[in-house]
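Spelled out from the first residue to the last, the chains are:
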Amino acid sequence: LHYHAPYTLIVANLLDSPHLTYVHSTTIGTPSTATTRAQVEPMEGGLKITRRYYNDQIQANRSSIATFQGPADRWQIYEWFAPSFVRLHTGSAPAGTGAHEGRLVPEAMQYRHCSVQTPETPTSTHYWFTHAANFKTETSEVIDVVFDGVSRAFKEDKDIIEVQQKALQSGRPFQPMNIAHDQALVLARRLIQRL
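Predicted model, so just to flag it, every value in this text is computed and none were measured. (Residues numbered from 1 in each chain as written. Predicted model: local features only at pLDDT ≥ 70, side-chain atom pairs only at ≥ 80, totals over all residues. Heavy atoms only, no water.)

(A) Up close: the overall build of the chain. What the chain contains, in helices and strands, is 4 helices and 7 strands. Listing the helices and strands of the chain from first to last along the sequence gives β-α-α-β-β-β-β-β-β-α-α. Since a compact globule built from 195 residues should have a radius of gyration of about 16 Å, the 17 Å found for the chain is in line with a globular shape. Each of the three principal axes of the chain carries a C-alpha extent, and together these read 50 × 30 × 30 Å. Relative to its full complement of 195 residues, the chain shows a buried share of 46%. For the chain, the share of sequence-separated contacts (at least 6 apart) that also reach a separation of at least 24 residues comes to 60%. Surface exposure of the chain reaches about 10,300 Å², of which carbon and sulfur atoms provide 56%. Taking the 18 positively charged and 18 negatively charged side chains of the chain as two groups, their mean positions are separated by 6 Å. (Helix = DSSP H or I, 4+ residues; strand = E, 2+ residues; numbered from the N terminus. Rg over C-alpha atoms; globule rule 2.2 N^0.38 Å. Buried < 20%, exposed > 50% of the residue type's maximum accessible area, 1.4 Å probe, protein only. Contact = heavy atoms within 4.5 Å. Areas by Shrake-Rupley, 256 points an atom, 1.4 Å probe, with all protein chains shown as cover. Lys, Arg positive; Asp, Glu negative; His and termini not counted. Charge placed at Lys NZ, Arg CZ, Asp CG, Glu CD.)

In structure tokens form, the structure reads like this:
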């Protein structure tokens, strides 16, 4: 993907999971994303951000390929390496089957995502990504549904990020305001500034 925005805005978006509820309600977000606090841990060269959801719903863009019905225990584990590399392990399992304790039943759906945001200029970025699933791999149906959902979600992000960049370039005064959910963003900005 090509963005008319600096890589730092994309990194901020990737580390801001609560926005999934509002921006991605028809793709990868659920209402609980905005209220689920992350566990943020420093690690060598970056941050580990973990969110666990209990007895939740499966995201809209994943429901058609789900391997089970009913509520899910879900997880999102980000490993962000400064300045702009993300590794993500996410997934869903039937609620109460032990996923958060490390027991994954055969119906569990797991995804792996890697991305890197490569600056082209101070105000443009190339976004490289791969996204894989570990279930129903005998046909391309899952691949097509997952890729379509991820692509639609990234377009939703891209539209917002590019509007943010235009607003920042307008010269109007801007004062960031951090909230409790911004812990990962604040730590990431500090690490990038130190580098």
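Don't stop here, the text continues.
(B) Representation of the side chain of Gln76. Its place among the elements puts Gln76 in strand E4 (residues 72-81). A distance of 2.8 Å separates the side chain of Gln76 from the side chain of Tyr53, its partner in a polar contact. Beyond its immediate sequence surroundings of up to four residues, Gln76 is in contact with Ser17, Leu20, Ile49, Thr50, Arg51, Tyr53, Leu88, His89 and Thr90. (Polar contact = N/O pair within 3.5 Å; in protein donor to acceptor, adjacent residues only side chain to side chain.)

(C) Quick look at helix H3 (residues 141-169). Between its terminal C-alpha atoms H3 stretches 42 Å, which fits the 42 Å expected from 29 residues at 1.5 Å a residue. Of the positions making up H3, those classed as buried are Val142, Val146, Gly149, Val150, Ala153, Phe154, Glu156, Asp157, Ile161, Glu162 and Gln165. Close packing links the buried residues of H3 with strand E1 (2-3), helix H1 (7-14), helix H2 (19-23), strand E6 (109-121) and strand E7 (124-133). In the segment just after H3, Gly171 is the residue with positive phi, at about 90 degrees. (Expected span 1.5 Å × (residues − 1).)

(D) Structural detail: empty space enclosed by the protein. Tallied over the full model, the rule gives 3 cavities of 30 Å³ or more. As a volume, the largest cavity reaches approximately 300 Å³. Lining the largest cavity are 22 residues, with Leu20, Ile28, Tyr78, Leu88 and Phe154 positioned closest to its centre. Taken together, the elements giving at least two residues each to the lining of the largest cavity come down to H1, H2, E4, strand E5 (85-94), E7 and H3. (1 Å grid on protein atoms, 1.4 Å probe; cavity = no way out; pocket = protein on both sides within 12 Å on 5 of 7 lines; lining within 4 Å. Points joined across faces, edges and corners; volume = space filled by probe spheres on them.)

(E) Local environment of the nonpolar core. Judged by nonpolar contacts, the single largest core of 35 residues is most densely connected at Leu15, Leu47, Ile49, Trp80 and Met109. Looking at this core, the elements with two or more residues in it are H1, strand E3 (46-56), E4, E5, E6, H3 and helix H4 (183-194). A total of 6 residues in this core trace back to one element, the largest contributor, which is H1. Contacts of Trp80, omitting those with residues within four sequence positions, involve Val11, Leu15, Met43, Gly45, Gly46, Leu47, Phe85, Val86, Ala188, Leu191 and Ile192. (Core = buried A, V, L, I, M, F, W, Y, C linked by side-chain atoms within 4.5 Å.)

(F) Structural context of the pattern of salt bridges. All told, the structure shown has 6 salt bridges when counted by the stated rule. Arg74 is the salt-bridge partner of Asp56, the closest N and O atoms lying 2.9 Å from each other. Remark: Arg74 occurs in strand E4 and Asp56 occurs in strand E3; sequence separation between them is 18 residues. Arg74 sits in the buried class, given a relative accessible area of 0%. (Salt bridge = Lys/Arg side-chain N within 4 Å of Asp/Glu carboxyl O.)

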